[in-house]
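Here is how the chains run, residue by residue.
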Amino acid sequence: MSVLPLVFTSGWASGINAYAVVLLLGVFGATGISDEVPASLQRTDVLVVAGVLFLCEAVADKIPYVDSLWDSVHTVIRPIAGAVVAALLAGQSGSLPELAAGAVGGSTALMSHLVKAGTRMAVNTSPEPFSNIAVSTAEDLGVAGIITFAIFHPLAAAIIAATLLVLGIVTLAFLASRIRRFLRRRAQRREEKRLAGTRSYWPPG
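Residues numbered from 1 in each chain as written. Predicted model: local features only at pLDDT ≥ 70, side-chain atom pairs only at ≥ 80, totals over all residues. Heavy atoms only, no water.

Considering the overall build of the protein
Each helix and strand in the protein was counted, giving seven helices and zero strands. Listing each helix as α and each strand as β along the protein from the N terminus yields α-α-α-α-α-α-α. When each of the 205 residues of the protein is scored for burial, the buried share is 42%. Nonlocal contacts in the protein, meaning residues at least 24 apart in sequence, comprise 74% of its contacts between residues at least 6 apart. Counting every atom, the protein has about 10800 Å² of accessible surface; 73% of that belongs to carbon and sulfur. (Helix = DSSP H or I, 4+ residues; strand = E, 2+ residues; numbered from the N terminus. Buried < 20%, exposed > 50% of the residue type's maximum accessible area, 1.4 Å probe, protein only. Contact = heavy atoms within 4.5 Å. Areas by Shrake-Rupley, 256 points an atom, 1.4 Å probe, with all protein chains shown as cover.)

Here it is, written out as C-alpha coordinates:
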(Lines give C-alpha, C1' and ligand atoms only; values in the text may rest on other atoms or scores of the structure.)
Protein backbone atom coordinates (compact mmCIF):
# COMPACT_ATOMS: atom_id res chain seq x y z
CA MET A 1 0.00 0.00 0.00
CA SER A 2 2.86 2.41 0.73
CA VAL A 3 4.00 2.33 -2.89
CA LEU A 4 0.49 2.59 -4.39
CA PRO A 5 0.53 6.42 -4.82
CA LEU A 6 3.79 6.21 -6.76
CA VAL A 7 2.39 3.31 -8.79
CA PHE A 8 -0.71 5.32 -9.70
CA THR A 9 1.27 8.42 -10.62
CA SER A 10 3.78 6.49 -12.72
CA GLY A 11 0.87 4.79 -14.50
CA TRP A 12 -0.76 8.11 -15.34
CA ALA A 13 2.54 9.54 -16.56
CA SER A 14 3.32 6.39 -18.60
CA GLY A 15 0.12 6.92 -20.55
CA ILE A 16 1.44 10.34 -21.58
CA ASN A 17 5.13 9.53 -22.12
CA ALA A 18 6.30 6.11 -20.97
CA TYR A 19 9.90 6.63 -22.07
CA ALA A 20 10.23 9.78 -19.97
CA VAL A 21 8.93 7.90 -16.93
CA VAL A 22 11.45 5.06 -17.32
CA LEU A 23 14.27 7.53 -17.98
CA LEU A 24 13.47 9.79 -15.03
CA LEU A 25 12.94 6.97 -12.54
CA GLY A 26 16.14 5.29 -13.71
CA VAL A 27 18.15 8.48 -13.31
CA PHE A 28 16.67 9.15 -9.86
CA GLY A 29 17.57 5.63 -8.78
CA ALA A 30 21.05 5.60 -10.32
CA THR A 31 21.98 8.93 -8.74
CA GLY A 32 20.74 7.86 -5.31
CA ILE A 33 17.95 10.43 -5.16
CA SER A 34 15.40 7.68 -4.53
CA ASP A 35 15.62 4.23 -2.96
CA GLU A 36 12.20 3.26 -4.35
CA VAL A 37 13.47 2.67 -7.89
CA PRO A 38 14.34 -0.99 -8.65
CA ALA A 39 17.79 -1.83 -9.98
CA SER A 40 16.37 -3.07 -13.30
CA LEU A 41 15.33 0.48 -14.20
CA GLN A 42 18.77 1.85 -13.33
CA ARG A 43 20.70 -0.30 -15.80
CA THR A 44 22.76 1.62 -18.34
CA ASP A 45 21.25 -0.16 -21.34
CA VAL A 46 17.72 0.61 -20.12
CA LEU A 47 18.58 4.28 -19.62
CA VAL A 48 20.20 4.54 -23.07
CA VAL A 49 17.25 2.90 -24.87
CA ALA A 50 14.74 4.98 -22.90
CA GLY A 51 16.71 8.15 -23.70
CA VAL A 52 16.82 7.43 -27.45
CA LEU A 53 13.12 6.56 -27.59
CA PHE A 54 12.29 9.65 -25.56
CA LEU A 55 14.08 11.82 -28.13
CA CYS A 56 12.19 10.08 -30.95
CA GLU A 57 8.89 10.73 -29.19
CA ALA A 58 9.85 14.33 -28.43
CA VAL A 59 10.11 14.93 -32.20
CA ALA A 60 7.22 12.78 -33.46
CA ASP A 61 4.85 14.09 -30.81
CA LYS A 62 5.13 17.65 -32.07
CA ILE A 63 4.29 17.02 -35.73
CA PRO A 64 0.60 17.24 -36.70
CA TYR A 65 -0.95 13.86 -37.64
CA VAL A 66 2.38 12.13 -37.03
CA ASP A 67 1.61 12.47 -33.32
CA SER A 68 -1.71 10.65 -33.78
CA LEU A 69 0.01 7.88 -35.73
CA TRP A 70 2.58 7.61 -32.94
CA ASP A 71 -0.23 7.44 -30.39
CA SER A 72 -1.92 4.64 -32.34
CA VAL A 73 1.26 2.56 -32.24
CA HIS A 74 1.62 3.23 -28.50
CA THR A 75 -1.91 2.20 -27.59
CA VAL A 76 -0.42 -1.13 -26.55
CA ILE A 77 3.08 0.01 -25.58
CA ARG A 78 2.16 2.66 -22.99
CA PRO A 79 -0.25 0.53 -20.91
CA ILE A 80 2.26 -2.35 -20.92
CA ALA A 81 5.03 0.01 -19.87
CA GLY A 82 2.83 1.42 -17.12
CA ALA A 83 2.06 -2.08 -15.84
CA VAL A 84 5.69 -3.19 -15.93
CA VAL A 85 6.97 -0.07 -14.17
CA ALA A 86 4.24 -0.40 -11.53
CA ALA A 87 5.03 -4.06 -10.91
CA LEU A 88 8.74 -3.29 -10.62
CA LEU A 89 8.07 -0.49 -8.16
CA ALA A 90 5.98 -2.86 -6.06
CA GLY A 91 8.63 -5.60 -6.09
CA GLN A 92 9.81 -8.49 -8.21
CA SER A 93 8.57 -11.64 -6.49
CA GLY A 94 5.38 -12.00 -8.49
CA SER A 95 3.11 -11.84 -5.42
CA LEU A 96 -0.57 -10.90 -5.66
CA PRO A 97 -0.06 -7.30 -4.41
CA GLU A 98 2.60 -6.77 -7.07
CA LEU A 99 0.31 -8.15 -9.77
CA ALA A 100 -2.42 -5.84 -8.48
CA ALA A 101 0.00 -2.91 -8.66
CA GLY A 102 0.76 -3.83 -12.26
CA ALA A 103 -2.96 -3.85 -13.03
CA VAL A 104 -3.37 -0.41 -11.46
CA GLY A 105 -0.41 1.02 -13.37
CA GLY A 106 -1.49 -0.52 -16.66
CA SER A 107 -5.14 0.53 -16.45
CA THR A 108 -4.23 4.06 -15.37
CA ALA A 109 -1.75 4.32 -18.23
CA LEU A 110 -4.41 3.14 -20.69
CA MET A 111 -6.90 5.76 -19.50
CA SER A 112 -4.41 8.64 -19.63
CA HIS A 113 -3.18 7.43 -23.04
CA LEU A 114 -6.73 7.49 -24.43
CA VAL A 115 -7.18 11.01 -23.08
CA LYS A 116 -3.89 12.10 -24.67
CA ALA A 117 -4.66 10.46 -28.03
CA GLY A 118 -8.18 11.89 -28.14
CA THR A 119 -6.96 15.36 -27.26
CA ARG A 120 -4.37 15.20 -30.03
CA MET A 121 -7.05 14.28 -32.56
CA ALA A 122 -8.93 17.41 -31.55
CA VAL A 123 -5.78 19.55 -31.73
CA ASN A 124 -5.02 18.22 -35.21
CA THR A 125 -8.20 19.83 -36.53
CA SER A 126 -6.32 23.14 -36.27
CA PRO A 127 -4.47 24.03 -39.50
CA GLU A 128 -1.36 25.39 -37.76
CA PRO A 129 1.37 23.27 -36.11
CA PHE A 130 1.97 25.47 -33.07
CA SER A 131 -0.86 23.95 -31.04
CA ASN A 132 0.79 20.52 -31.30
CA ILE A 133 4.14 21.90 -30.18
CA ALA A 134 2.59 23.73 -27.22
CA VAL A 135 0.50 20.74 -26.08
CA SER A 136 3.39 18.30 -26.48
CA THR A 137 5.79 20.54 -24.57
CA ALA A 138 3.25 20.96 -21.77
CA GLU A 139 2.82 17.17 -21.58
CA ASP A 140 6.58 16.59 -21.40
CA LEU A 141 7.03 19.20 -18.67
CA GLY A 142 4.00 17.87 -16.81
CA VAL A 143 5.32 14.30 -16.81
CA ALA A 144 8.76 15.44 -15.67
CA GLY A 145 7.30 17.63 -12.94
CA ILE A 146 4.84 15.12 -11.52
CA ILE A 147 7.31 12.19 -11.52
CA THR A 148 9.88 14.36 -9.75
CA PHE A 149 7.25 15.52 -7.27
CA ALA A 150 6.09 11.91 -6.73
CA ILE A 151 9.56 10.84 -5.63
CA PHE A 152 9.38 13.23 -2.67
CA HIS A 153 5.61 13.53 -2.13
CA PRO A 154 3.96 10.40 -3.59
CA LEU A 155 0.50 10.87 -2.07
CA ALA A 156 0.15 14.51 -3.12
CA ALA A 157 1.41 13.63 -6.61
CA ALA A 158 -1.13 10.81 -6.89
CA ILE A 159 -3.94 13.23 -5.99
CA ILE A 160 -2.73 15.63 -8.68
CA ALA A 161 -2.49 12.80 -11.23
CA ALA A 162 -6.02 11.64 -10.40
CA THR A 163 -7.32 15.20 -10.75
CA LEU A 164 -5.60 15.63 -14.11
CA LEU A 165 -7.02 12.31 -15.30
CA VAL A 166 -10.58 13.34 -14.39
CA LEU A 167 -10.12 16.77 -15.98
CA GLY A 168 -8.74 15.10 -19.10
CA ILE A 169 -11.76 12.83 -19.41
CA VAL A 170 -14.13 15.79 -18.97
CA THR A 171 -12.19 17.82 -21.55
CA LEU A 172 -12.30 14.89 -23.96
CA ALA A 173 -16.09 14.82 -23.69
CA PHE A 174 -16.23 18.50 -24.70
CA LEU A 175 -13.85 17.87 -27.62
CA ALA A 176 -15.86 14.94 -28.98
CA SER A 177 -17.13 16.89 -32.01
CA ARG A 178 -13.60 17.92 -33.01
CA ILE A 179 -12.39 14.35 -32.62
CA ARG A 180 -15.15 13.12 -34.94
CA ARG A 181 -14.11 15.80 -37.44
CA PHE A 182 -10.51 14.55 -37.27
CA LEU A 183 -11.62 10.96 -37.89
CA ARG A 184 -13.75 12.03 -40.87
CA ARG A 185 -10.82 13.93 -42.38
CA ARG A 186 -8.51 10.95 -41.91
CA ALA A 187 -11.04 8.61 -43.52
CA GLN A 188 -11.45 11.08 -46.40
CA ARG A 189 -7.69 11.26 -46.99
CA ARG A 190 -7.45 7.47 -47.04
CA GLU A 191 -10.29 7.28 -49.55
CA GLU A 192 -8.64 9.92 -51.75
CA LYS A 193 -5.37 7.99 -51.68
CA ARG A 194 -7.20 4.78 -52.56
CA LEU A 195 -8.98 6.42 -55.48
CA ALA A 196 -5.73 8.02 -56.68
CA GLY A 197 -4.05 4.62 -56.63
CA THR A 198 -6.95 3.07 -58.53
CA ARG A 199 -6.80 5.75 -61.23
CA SER A 200 -3.05 5.31 -61.62
CA TYR A 201 -3.58 1.65 -62.58
CA TRP A 202 -6.59 2.32 -64.79
CA PRO A 203 -5.71 1.64 -68.49
CA PRO A 204 -5.87 4.72 -70.75
CA GLY A 205 -9.08 4.99 -72.82
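A look at the packing of helix H4 (residues 96-123) against helix H6 (residues 154-174)
Remark: H4 packs on H6, axes separated minimally by 9 Å, with the N-to-C direction vectors making an angle of 40°. With respect to each other, H4 and H6 are oriented oblique. As for the relative orientation of H4 and H6, their crossing is left-handed in sense. Contacts from Thr-108, Met-111, Ser-112, Leu-114, Val-115, Gly-118 and Thr-119 in H4 reach Leu-165, Gly-168, Ile-169 and Leu-172 in H6. Looking at the contact of H4 with H6 residue by residue, the class counts come to six nonpolar, five polar and no charged. (Axes fitted to C-alpha atoms, helices over the stretch in contact; angles between N-to-C directions. Parallel < 35°, antiparallel > 145°, perpendicular 65-115°, else oblique. Left-handed = near helix turned anticlockwise from the far one by under 90°. Nonpolar A, V, L, I, M, F, W, Y, C, P; charged D, E, K, R; others polar.)

What to know about the nonpolar core
Counting 36 residues, the largest nonpolar core has Leu-25 and Ile-147 as the members making the most contacts within it. Of all the elements in the fold, those that place two or more residues in this core are helix H1 (4-30), helix H3 (66-90), H4, helix H5 (130-152), H6 and helix H7 (176-200). Here this core gets eleven residues from one element, more than from any other, and that element is H1. The residues touching Ile-147, leaving out its near neighbours within four places in the chain, are Thr-9, Ser-10, Ala-13, Val-21, Leu-24, Leu-25 and Phe-28. (Core = buried A, V, L, I, M, F, W, Y, C linked by side-chain atoms within 4.5 Å.)

Regarding the side chain of Thr-108
Along the chain, Thr-108 falls in helix H4. Overall, the relative accessible area of 2% leaves Thr-108 in the buried class. Dropping the residues within four chain positions of it, Thr-108 is found in contact with Phe-8, Gly-11, Trp-12 and Leu-165.

As for the layout of surface pockets
The probe, sized like a water molecule, is rolled over the atoms to show the empty space still left. Estimated volume of the largest pocket: approximately 380 Å³. If you go around the largest pocket, you meet 16 residues; those closest to its centre are Trp-12, Ile-16, Val-115, Glu-139 and Leu-164. When the residues that make up the lining of the largest pocket are grouped by side-chain class, the tally is nine nonpolar, five polar and two charged. (1 Å grid on protein atoms, 1.4 Å probe; cavity = no way out; pocket = protein on both sides within 12 Å on 5 of 7 lines; lining within 4 Å. Points joined across faces, edges and corners; volume = space filled by probe spheres on them.)

Quick word on a positive patch on the surface
A cluster of like positive charges, contributed by Arg-180, Arg-181, Arg-184, Arg-185, Arg-189 and Lys-193, occupies part of the molecular surface. Within the secondary structure layout, Arg-184 lies in helix H7. A relative accessible area of 54% means that Arg-184 is categorised as exposed. (Patch = residues over 30% accessible without salt bridge, like charges linked within 9 Å, V, L, I, M, F, W, Y side chains within 5 Å. Salt bridge = Lys/Arg side-chain N within 4 Å of Asp/Glu carboxyl O. Lys, Arg positive; Asp, Glu negative; His and termini not counted. Charge placed at Lys NZ, Arg CZ, Asp CG, Glu CD.)

Brief notes about the pattern of salt bridges
With the rule as written, the count across this model stands at nine salt bridges. Close ionic contact of Arg-78 with Asp-71 constitutes a salt bridge, the shortest N to O distance being 2.9 Å. Across the pair Arg-120 and Glu-139 runs a salt bridge whose closest N-O atoms are separated by 2.9 Å. Here the residue Arg-120 occupies a position in helix H4, and Glu-139 occupies one in helix H5, the gap between them amounting to 19 residues. Both residues of the pair, Arg-120 and Glu-139, count as buried. Within the structure, one salt-bridge network assembled from shared partners comprises Asp-61, Asp-67, Lys-116, Arg-120 and Glu-139.

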